[in-house]
Amino acid sequence: MPRLEHFYDQNHLHYLTDSTYRRVRIFDSDRFRRKFIQTLNGLRTELGFKVFGYVLMPEHCHLLIWPGTAANPSQIMQKLSERTANFIIRNLRQNLAFPWCQRMLKRFELPPTVHHHAHYRVWNRRGYDMNIWSEKKRNEKIDYMHNNPVKRGLVAHPRDWPWSSWRFYHLEDSSILAMDRLP
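Residues numbered from 1 in each chain as written. Predicted model: local features only at pLDDT ≥ 70, side-chain atom pairs only at ≥ 80, totals over all residues. Heavy atoms only, no water.

## Focus: helix α2 (residues 73-94)
Next, step 1: Here α2 contains 22 residues, and its C-alpha end-to-end distance of 32 Å stays within 8% of the 32 Å for a straight helix at 1.5 Å per residue.
Next, step 2: In this structure, the buried side of α2 is in contact with β1 (13-19), α1 (30-47), β3 (60-66), α3 (99-108) and β4 (128-132).
Next, step 3: Its side-chain oxygen 2.9 Å from the backbone nitrogen of Ser 74, Asn 72 forms the N-cap of α2. (Helix = DSSP H or I, 4+ residues; strand = E, 2+ residues; numbered from the N terminus. Expected span 1.5 Å × (residues − 1). Contact = heavy atoms within 4.5 Å. Polar contact = N/O pair within 3.5 Å; in protein donor to acceptor, adjacent residues only side chain to side chain.)

## Regarding the side chain of Arg 33
Next, step 1: Position of Arg 33 relative to the elements: it lies in helix α1.
Next, step 2: Its relative accessible area of 13% is what places Arg 33 among the buried residues.
Next, step 3: In this view, Arg 33 contacts Phe 27, Asp 28, Leu 56 and Trp 163; residues no more than four positions away in its chain are not counted. (Buried < 20%, exposed > 50% of the residue type's maximum accessible area, 1.4 Å probe, protein only.)

## A look at the sheet that holds β4
Next, step 1: If you trace the four strands from one edge of the open sheet to the other, you get β2-β3-β1-β4, paired in antiparallel fashion. Each having just a single partner strand, β2 (50-56) and β4 make up the two edges of the open sheet. Across the sheet, the axes of successive neighbouring strands diverge by a mean angle of 15 degrees, strand direction being ignored.
Next, step 2: The pairing of β1 with β4 spans five bridges and is antiparallel. Paired with His 14 across the two strands is Asn 131, which belongs to β4.
Next, step 3: Sheet strands in contact with helix α4 (residues 135-151) are β1, β2, β3 and β4, and its direction is about 150 degrees off that of β3. (Pairing = 2+ DSSP bridges. Axes fitted to C-alpha atoms, helices over the stretch in contact; angles between N-to-C directions.)

## A closer look at the pairing of β2
Next, step 1: The element β2 is largely enclosed, with a buried count of six among its seven residues.
Next, step 2: Relative to β3, β2 is paired through six bridges, and the arrangement is antiparallel. Bridging across to β3, Val 55 finds its partner in His 62.
Next, step 3: Hairpin geometry of β2 and β3 is characterised by an intervening segment of three residues between the two adjacent antiparallel strands.

## Comments concerning the nonpolar core
Most often, soluble globular proteins keep nonpolar side chains buried together rather than apart.
Next, step 1: If you look at the biggest cluster of nonpolar residues, it comprises 50 residues, and the most contacted ones within it are Phe 36, Leu 92 and Phe 108.
Next, step 2: Looking at this core, the elements that each hand over two or more residues are β1, α1, β2, β3, α2, α3, β4 and α4.
Next, step 3: When residues of this core are assigned to their parent elements, the largest contribution, eight residues, is made by α2.
Next, step 4: Every residue in contact with Phe 108, bar those within four places of it in the chain, is listed here: Tyr 21, Val 24, Ile 26, Ile 88, Ile 89, Leu 92, His 119, Tyr 120, Arg 121 and Val 122. (Core = buried A, V, L, I, M, F, W, Y, C linked by side-chain atoms within 4.5 Å.)

## Remarks on the pattern of salt bridges
Next, step 1: The full count for this structure, using the stated rule, is eleven salt bridges.
Next, step 2: Taking the shortest distance from any N to any O, the salt bridge between Glu 59 and Arg 23 comes out at 3.1 Å. In this pair, Glu 59 sits in the loop between β2 and β3 while Arg 23 sits in the loop between β1 and α1, placing the two residues 36 residues apart along the sequence.
Next, step 3: We note a salt bridge from Asp 173 to Arg 167, for which the minimum N-O separation is 3.2 Å.
Next, step 4: By relative accessible area, Asp 173 is classed as partly exposed at 21%.
Next, step 5: For Arg 167, a relative accessible area of 24% translates into the label partly exposed.
Next, step 6: Three or more residues are tied together by salt bridges with common partners; here these are Arg 23, Glu 59 and Arg 152. (Salt bridge = Lys/Arg side-chain N within 4 Å of Asp/Glu carboxyl O.)

Below, the structure is given as structure tokens:
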């Protein structure tokens, strides 16, 4: 399958998707959801990008961002993935007395056939990055993100899923993660 060409020039949006290794539902954990949001928000400040939409699902995430000059979308996702993965693995290893942590750690374990310096993998090696050039496509992606939990049967209405930007746009609720204002 040919790889999509990425355009990392400034002044346009990127729709990013990343999934956990083996689709492990690690973000059923409130602790790990909060760490993901905290890390994303910290990176936004550190790397100077804007966040216009997001949804954090049990085993994947979608982001709509506007990169700054400090990092391109690939670098942003690499740092987000690395920091959240380190936190998750460290916490799972420190809490092996809990069966859930044992199961999650086992699911992230790399098979012996994978020759890699790490023993665990939290995120898939490659995510998805799509340039967003039009307002129509931007709105389509925001609607998709907000409706993802409903489509998956996790909630009846987007307002019931706190781990997305829906509440920011429709209730002006920035208690979990404030969005940057659309241009």
